[in-house]
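# Report on the structure
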Amino acid sequence: MNTSITWRGLGLALAGSAALAASAHANPTSPPAENSARYERGLQVLRELNNGQPQPVFEAMRQEFPFLAESTASYALGDVWGRTVLDPKTRQLAASAAFAALGLRGFFKTHAGYALNLGATPDELKEIAYLITVPAGFPRAIEASQTLQELFKERGLATAPADRP
């Protein structure tokens, strides 16, 4: 094996990586070139979830933590949320249940809002609060119910108590 070719190739690869890192550092709000398709797909998913409106939390993250925003858009939104095995509404209901069970109130409220944007009903979201009593307990379910009350009030959604089975 000709090691000079191998070392030369490694040197070129490292030089290319250094140049890419330098360009990303020089303009931290622009995504790396090799990631731009994933990044753009992620931004499109976010626009669809948020009815075409900017997402304030994400926009603030882009300003203060550009690498985290790029990673979130590329992987979480582009690669995971952009999958098509589950329809978008089901995906948001599942995410809402997970965030509620974990006690991540802000994420729960955001994703419950996305679920509403995608056609979920208040009763479907209320059912999540009931459902999580089993894996996560009553305190998390009560917190989820309070979060939903806030969200429904902000959206002007008058709701009646959910029917008992």
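The rules we used
- Residues numbered from 1 in each chain as written.
- Predicted model: local features only at pLDDT ≥ 70, side-chain atom pairs only at ≥ 80, totals over all residues.
- Heavy atoms only, no water.
- Phe/Tyr/Trp six-rings, centres within 6.5 Å; stacked < 30°, edge-to-face > 60°.
- Helix = DSSP H or I, 4+ residues; strand = E, 2+ residues; numbered from the N terminus.
- Buried < 20%, exposed > 50% of the residue type's maximum accessible area, 1.4 Å probe, protein only.
- Expected span 1.5 Å × (residues − 1).
- Contact = heavy atoms within 4.5 Å.

## Considerations on the packing of aromatic side chains
Between two aromatic rings, the relevant description is the distance of the centres plus the angle of the planes. Under the definition given, this model contains one aromatic pair. Ring plane angle 25 degrees and centroid distance 5.2 Å describe the contact between Phe-99 and Phe-107, whose orientation is recorded as stacked.

## Points about unusual backbone geometry
The phi angle at Asn-51 is positive, at roughly 55 degrees, despite the residue not being glycine. Looking at the element boundaries, Asn-51 is found in the loop between helix H2 (36-49) and helix H3 (56-64). A relative accessible area of 49% means that Asn-51 is categorised as partly exposed.

## Structural notes on helix H6 (residues 105-117)
Over its 13 residues, H6 extends 18 Å from the first C-alpha to the last, a length consistent with the 18 Å expected when each residue adds 1.5 Å. Where H6 is concerned, the buried positions are Phe-108, His-111, Ala-112, Gly-113, Tyr-114, Ala-115, Leu-116 and Asn-117. Tucked into the core, H6 has its buried residues touching H2, helix H4 (66-81), helix H5 (88-102), helix H7 (122-131) and helix H9 (138-155). Of the residues one or two after H6, Gly-119 is the one with positive phi, at around 105 degrees.

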